[in-house]
Amino acid sequence: MCVTRFPSLWPPNTSSLIGKVEQDHLRRVLLRERDRPGGLAPALIEQTVRMALDHGYHVILEGLMHTARYRQLLTFLHHAHRGRTLFVYLDVSLPETLRRHQMRPQATEFTADNMRDWYAPHDVLGHNGEVVLPETTSMEKAILHIATTAKLPLIGRDDDPPPATP
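Residues numbered from 1 in each chain as written. Predicted model: local features only at pLDDT ≥ 70, side-chain atom pairs only at ≥ 80, totals over all residues. Heavy atoms only, no water.

Attention shifts here to the overall build of the protein chain. Helix and strand counts for the protein chain stand at six helices and five strands. Moving toward the C terminus, one meets the helices and strands of the protein chain in the order β-β-α-α-β-α-β-α-α-β-α. Burial statistics for the protein chain: of 166 residues in total, 39% are counted as buried. Restricting to contacts in the protein chain with at least 6 residues of sequence separation, those with at least 24 account for 78%. When the accessible area of the protein chain is evaluated, it comes to approximately 9900 Å², of which 55% is carbon and sulfur surface. (Helix = DSSP H or I, 4+ residues; strand = E, 2+ residues; numbered from the N terminus. Buried < 20%, exposed > 50% of the residue type's maximum accessible area, 1.4 Å probe, protein only. Contact = heavy atoms within 4.5 Å. Areas by Shrake-Rupley, 256 points an atom, 1.4 Å probe, with all protein chains shown as cover.)

Now for the pattern of salt bridges. Taken as a whole and assessed by the stated rule, the structure comprises 10 salt bridges. Its salt-bridge partner being Asp 24, residue Arg 28 comes within 3.6 Å of it at the nearest N-O pair. With Arg 28 and Asp 24 both in helix 1 (residues 23-30) and four residues apart, the pair spans about one turn of that helix. Under the relative-accessibility criterion, Asp 24 is labelled partly exposed at 23%. (Salt bridge = Lys/Arg side-chain N within 4 Å of Asp/Glu carboxyl O.)

Our next topic: the packing of helix 1 against helix 2 (residues 41-54). Between helix 1 and helix 2, the least distance of the axes is 10 Å, while the angle of their chain directions is 130°. Between helix 1 and helix 2, the interaxial angle falls into the category oblique. Between helix 1 and helix 2 the crossing geometry is right-handed. Side by side, helix 1 and helix 2 meet where Gln 23, Leu 26, Arg 27 and Leu 30 of the first sit next to Ala 41, Leu 44, Ile 45 and Thr 48 of the second. Looking at the contact of helix 1 with helix 2 residue by residue, the class counts come to five nonpolar, two polar and one charged. (Axes fitted to C-alpha atoms, helices over the stretch in contact; angles between N-to-C directions. Parallel < 35°, antiparallel > 145°, perpendicular 65-115°, else oblique. Left-handed = near helix turned anticlockwise from the far one by under 90°. Nonpolar A, V, L, I, M, F, W, Y, C, P; charged D, E, K, R; others polar.)

Turning our attention to the packing of aromatic side chains. Under the defined criterion, the tally for this structure stands at one aromatic pair. Geometrically, the ring pair formed by Phe 110 and Trp 118 is edge-to-face, given 5.0 Å between the ring centres and 65° between the ring planes. Classification of Trp 118 as partly exposed rests on a relative accessible area of 40%. (Phe/Tyr/Trp six-rings, centres within 6.5 Å; stacked < 30°, edge-to-face > 60°.)

Predicted confidence across the protein chain gives a mean pLDDT of 84, with 83% of residues reaching 70 or more. Taken element by element, the protein chain is modelled with least confidence in strand 1 (residues 2-4), mean pLDDT 57, and with most confidence in strand 5 (residues 131-134), mean pLDDT 95. (pLDDT = per-residue confidence, 0-100.)

Okay, the nonpolar core next. Grouped together as the largest cluster of nonpolar side chains are 16 residues, with contacts concentrated most on Val 21, Ile 45, Val 49, Val 59, Leu 61, Tyr 70 and Leu 74. At the level of elements, helix 2, strand 3 (58-62) and helix 3 (67-80) are the ones that each hand at least two residues to this core. In terms of residues, this core owes the most to one element, helix 2, which gives five residues. Grouped together as the second largest cluster of nonpolar side chains are 12 residues, Ile 60, Leu 86, Ala 142 and Ile 146 included. (Core = buried A, V, L, I, M, F, W, Y, C linked by side-chain atoms within 4.5 Å.)

Quick look at the environment of Tyr 70 now. Relative to the assigned elements, Tyr 70 resides in helix 3. Between the C-alpha atoms of Tyr 70 and Pro 37, which are 33 residues apart in sequence, the distance is 9.7 Å. In this structure Tyr 70 touches Gln 23, Arg 27, Asp 35, Ala 41, Pro 42, Ile 45 and Met 65, once residues within four positions along its chain are discounted.

Shown next, in the form of structure tokens:
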């Protein structure tokens, strides 16, 4: 299991044995909820990740998961998973976060003031082996670093057969 605590980074056409779970998609699109204490998103994320792991997938869980709300979930998933777990945090300053937000499709869905309220600088989990990438890391270098460290393949086909169910 690889937990990347930054948004959509993984290439879309990698091996079908890699399940990509996007916190933002589950929370904002599927549940239509804000990231607040007591929300349903952490439970749905847990169930989704565990289901994929139980069926033989490598899982990349990615999203902007604030430590205050997601540490318990991420620690539980780490301890419950029998395989390797890698935590990766992209450490991006507020000015760079605001700049990158302007390039996102969701740029008009919330304001810079909203983001200032949500921003948590250097919000690392503090787990042993957590990888912290600086904001100067390119997307390509981040993907390569994560894939190499987590021993995940970067090649695959959309028609790869799914893994056998247990």
